[in-house]
Amino acid sequence: MAIAALKTQRRNLVQSMFDEGVLDNQFNQLQDLQDSSNPNFVEEVISLFCNDAERIITELNRYLNDQNVDFSKLDSYVHQLKGSSSSIGAYRLKLACVNLRQASEERNMEECAGAFNSIRREYYVVRSKLQVLIQLERHIVNLENQQ
């Protein structure tokens, strides 16, 4: 596939993520930080985000399944996930974190469970789309390096 076609596919994928509300403008700012001196910057940030998010989601699940939920620790973890989601522009995931924080503040376990399910769902959506983006980026870079 030609480089131009791959770049169009990449642009369309990113635009669809904006249109769906999966990403916000923060992602554009992240992309602007990538240049020829650091061509893998976005991929590295996405990888760090995914590793942290999976660790935090595991911890959130553990705290929510405790007999006596420690809401302060739960809040600490959801705050971390909200911050990292915001920093890469994962808009819908950030909103899901806001909902879990609110439910946690209200000590409402039913709403916490629902908000946590939203977090997991939104994380898997953003992760899968970003993985496709990374694959496109790698393919583009490989073709450009062959020229």
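The structure presented is a predicted model; accordingly, all values stated were derived computationally and were not measured.

### A few points about the packing of aromatic side chains
Part 1 of the argument: For the coordinates displayed, the defined rule picks out three aromatic pairs.
Part 2 of the argument: Summarising the aromatic geometry, the rings of tyrosine 63 and tyrosine 77 are spaced 5.6 Å apart at their centres and angled 35° between planes, so their arrangement reads as tilted. Linking tyrosine 63 in helix α3 (residues 41-64) with tyrosine 77 in helix α4 (residues 71-88), this pair joins segments that are 14 residues apart in sequence.
Part 3 of the argument: The class of tyrosine 63 is buried, set by a relative accessible area of 8%.
Part 4 of the argument: Stacked on the ring of tyrosine 63, the Lys or Arg arginine 62 has its end atom at 4.7 Å from the ring centre.

### Thoughts on the packing of α3 against helix α6 (residues 109-146)
Part 1 of the argument: It is at 11 Å that the axes of α3 and α6 come closest, and there the two elements cross at 160°. With respect to their mutual orientation, α3 and α6 come out roughly antiparallel. Pair α3 / α6 crosses with left-handed handedness. Contacts from Glu43, Ile46, Phe49, Cys50, Ala53, Glu54, Ile57, Leu60, Asn61 and Leu64 in α3 reach Met109, Cys112, Phe116, Ile119, Arg120, Tyr123, Val126, Arg127, Leu130, Ile134 and Arg138 in α6.

### Examining the UniProt feature "domain: HPt" (unreviewed entry) in the chain
Part 1 of the argument: According to UniProt, the positions carrying the feature "domain: HPt" (unreviewed entry) are residues 38-137.
Part 2 of the argument: Helix makes up 86% of residues 38-137 and strand 0%, with an end-to-end C-alpha separation of 13 Å.

### Side note on helix α1 (residues 3-19)
Part 1 of the argument: The terminal C-alpha atoms of α1, which comprises 17 residues, lie 24 Å apart, in line with the 24 Å expected from a rise of 1.5 Å per residue.
Part 2 of the argument: Where α1 is concerned, the buried positions are Ile3, Leu6, Leu13, Val14, Met17 and Phe18. Buried residues of α1 fall within an arc of 140° about the axis and therefore sit on the same side. In this structure, α1 carries Ala4, Arg11 and Asp19 as exposed residues pointing more than 90 degrees from its buried face.
Part 3 of the argument: At its buried positions, α1 is contacted by α2 (25-32) and α6.
Part 4 of the argument: Of the residues one or two after α1, glycine 21 is the one with positive phi, at around 80°.

### Some thoughts on the environment of tyrosine 63
Part 1 of the argument: As for tyrosine 63 and lysine 129, which are separated by 66 residues in sequence, their C-alpha atoms are 28 Å apart.
Part 2 of the argument: Residue contacts for tyrosine 63: discarding those within four places in its chain leaves Val69, Asp70, Lys73, Leu74 and Tyr77.

### Things to note about the pattern of salt bridges
Part 1 of the argument: Taken as a whole, this structure holds eight salt bridges when the rule is applied.
Part 2 of the argument: Between arginine 101 and aspartate 75 there is a salt bridge, and its shortest N-O distance comes to 2.8 Å. Remark: aspartate 75 occurs in helix α4 and arginine 101 occurs in helix α5 (residues 91-105); sequence separation between them is 26 residues. For the residue pair arginine 101 and aspartate 75, the accessibility class agrees, reading buried in each case.
Part 3 of the argument: Linking glutamate 122 and arginine 92 is a salt bridge whose minimum nitrogen-to-oxygen distance equals 2.7 Å.

### Observations concerning the UniProt feature "modified residue: Phosphohistidine" (unreviewed entry) in the chain
Part 1 of the argument: Within this numbering scheme, the UniProt entry marks His79 as carrying the feature "modified residue: Phosphohistidine" (unreviewed entry).
Part 2 of the argument: As for its placement among the helices and strands, histidine 79 is situated in helix α4.

### Details of the environment of phenylalanine 49
Part 1 of the argument: Of note, phenylalanine 49 is situated in helix α3.
Part 2 of the argument: For phenylalanine 49 and serine 84, which are 35 residues apart along the polypeptide, the C-alpha to C-alpha distance reads 6.6 Å.
Part 3 of the argument: In this structure phenylalanine 49 touches Ser84, Ser85, Ile88, Leu93, Tyr123 and Val126, once residues within four positions along its chain are discounted.

What counts, and where the lines are drawn
- Residues numbered from 1 in each chain as written.
- Predicted model: local features only at pLDDT ≥ 70, side-chain atom pairs only at ≥ 80, totals over all residues.
- Heavy atoms only, no water.
- Phe/Tyr/Trp six-rings, centres within 6.5 Å; stacked < 30°, edge-to-face > 60°.
- Helix = DSSP H or I, 4+ residues; strand = E, 2+ residues; numbered from the N terminus.
- Buried < 20%, exposed > 50% of the residue type's maximum accessible area, 1.4 Å probe, protein only.
- Lys NZ or Arg CZ within 6 Å of the ring centre and 35° of its normal.
- Axes fitted to C-alpha atoms, helices over the stretch in contact; angles between N-to-C directions.
- Parallel < 35°, antiparallel > 145°, perpendicular 65-115°, else oblique.
- Left-handed = near helix turned anticlockwise from the far one by under 90°.
- Contact = heavy atoms within 4.5 Å.
- UniProt positions renumbered as here; feature names shortened; annotations may be inferred.
- Expected span 1.5 Å × (residues − 1).
- Arc of directions from axis to C-beta.
- Salt bridge = Lys/Arg side-chain N within 4 Å of Asp/Glu carboxyl O.

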